[in-house]
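Working through the structure, step by step
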Amino acid sequence: LEETESVLLFESRQKAEEAECPHCRGKVYVDGYGQTRLKDMPVWYGMAQELRFQCHRYECRKCGRKFTEGVPLRHPGTKVTERAARWIQAMLRCKVSIRSIQKLTGIHWETIRNLHLEIMENTLEEHMAELRAKGYRPKFLAVDEFSIRRGHTYATCVMDLETGEVLWVGEGRSKEDFEVFFQETDTDFLKDVMAVAMDMNASYHLLVKKHLPWAQIVYDRYHMQAQFGKDVLGVVRLAEAKAHKERSRTVKETIADLNGEDRKRAKEEARKEQRQYSQIKKLRWTLLTKADSLSESRAAHLREILDSHSDLAVCYAMKEEMCDLFDLRDSAAAERGWKKWFGAAKESSIPALVKFAELKEKRIDGLIAHATYPISTGKIEGFNNKIKVAKRLAYGYRDNHFFFTLVRFLSVPLPNFP
């Protein structure tokens, strides 16, 4: 043997008369011998430990079936000892990576991974059984997608907003993919759901209406505000910036034909247009920030720019009013406010704002519902960061079942778990 390996040999002393067939309890006779190898915790670092068991193979005299003598110390479903399995699972609980445990023990990474999967599945089953015994049923859900890997590969996640636990994870984000959640989840378990927060994904909307018709759909305020920032403020801001750049270029083309004061004024005008272009290009985050969160200097600078750009000023004012609508807690006031907001947006004659209003007005019920149920997908969006960290630590996962189980496991609010 190599100096990096320690081997302990065990030989069975059991007699055929002492054994019986596990299938029919009949008498058996020895049909041969076999050897089973189990990995154990190393004696010390760099010294792998292996246990070798010389076992009997038996054949039943009654039913004729053959079987091998059972090996003590073996962890079910693996080729490691029970002690090694417990040590590995303890290290996994302490956030030691599978790769590090493999280097320490010399045990194959897939065995360690299977032990990790066993921990997670057992924990989730025990935790859910405990909750069901207490009569637990979720009341407020959030559904959102997250990226599995590059190349537009996504998974859908359903979270209980009260506990922060992920109840289900499934591959894909289409209507058919999300349908699996309702197929795998008992309807009785979801009968207390009062509201579901989501973005304006049509698939999520249709399936929640189909399977949970009593639940109120609430559209997430942050998705709405983010889309307004991109599709309206972003488009109008870039259009204004582009207009200044075009005017600057046009003026520069005429400078060569001018002399004296006219040339000087033209240069100054070109510089002014270029400054306006640069200022508006850099205005993105200022426009997205609420007015009461801006410093005095930034607020003054913003007012100066908005005073000379009417379309941008209108869109910014509509953004501020939209944020205030999400703060309402009276559904009647919210309904009046949203109808007024959509009406003003469509009358603005600003193409980007009109288009946005026409698309979102179709979902006005989910926007009004925010006043009654002020929930959002913010908690599940925050949990997505934990998912990203898990992916980076493992350099990705090739087995979605393991990955999705890990996602659910990470959300369980129990101490001393990774």
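Note that the coordinates shown come from a computational prediction; the quantities given were computed from them, not determined experimentally.

Before going further, it helps to spend a moment on the nonpolar core. Of all hydrophobic cores here, the largest spans 60 residues; its most connected members are Phe178, Val196, Met224, Phe228, Trp338 and Trp341. With near-sequence residues (within four places) excluded, Phe228 lies in contact with Leu233, Cys315, Met318, Lys319, Met322, Trp341, Leu353 and Phe356. Membership of the second largest hydrophobic core comes to 41 residues, among which are Met120, Leu161, Phe402 and Phe404.

To continue, consider the environment of Ile255. Relative to the helices and strands, Ile255 is located in helix H6 (residues 221-255). Separated by 11 residues in sequence, Ile255 and Ala266 place their C-alpha atoms 6.3 Å apart. If we ignore the near neighbours within four places in the chain, the residues touching Ile255 are Arg263, Ala266 and Lys267.

Moving on, we get to the sheet that holds strand E5 (residues 140-149). Read from one edge to the other, the open sheet built from 5 strands follows the order E7-E6-E5-E8-E9, with strand pairing classed as mixed. Taken across any chain shown, the strands that pair with only one partner, and hence form the sheet edges, are strand E7 (166-171) and strand E9 (216-219). Neighbour-to-neighbour, the strand axes of the sheet open up by a mean angle of 25°, direction not taken into account. Across 4 bridges, the pairing between strand E8 (residues 195-198) and E9 is parallel. Each bridged residue has a counterpart across the sheet, and for Met198 the counterpart in E9 is Tyr219.

This part covers helix H5 (residues 202-211). The set of residues buried in H5 consists of Ser203, Tyr204, Leu207 and Val208. When H5 is viewed along its axis, its buried side chains cluster within an angular range of 120° and face the same direction. At the N-terminal boundary of H5, the capping side chain belongs to Asn201, with an oxygen 2.8 Å from the backbone nitrogen of Ser203.

Criteria and thresholds
Residues numbered from 1 in each chain as written. Predicted model: local features only at pLDDT ≥ 70, side-chain atom pairs only at ≥ 80, totals over all residues. Heavy atoms only, no water. Core = buried A, V, L, I, M, F, W, Y, C linked by side-chain atoms within 4.5 Å. Buried < 20%, exposed > 50% of the residue type's maximum accessible area, 1.4 Å probe, protein only. Contact = heavy atoms within 4.5 Å. Helix = DSSP H or I, 4+ residues; strand = E, 2+ residues; numbered from the N terminus. Pairing = 2+ DSSP bridges. Axes fitted to C-alpha atoms, helices over the stretch in contact; angles between N-to-C directions. Arc of directions from axis to C-beta. Polar contact = N/O pair within 3.5 Å; in protein donor to acceptor, adjacent residues only side chain to side chain.

All we've got here are geometric facts, nothing functional implied.
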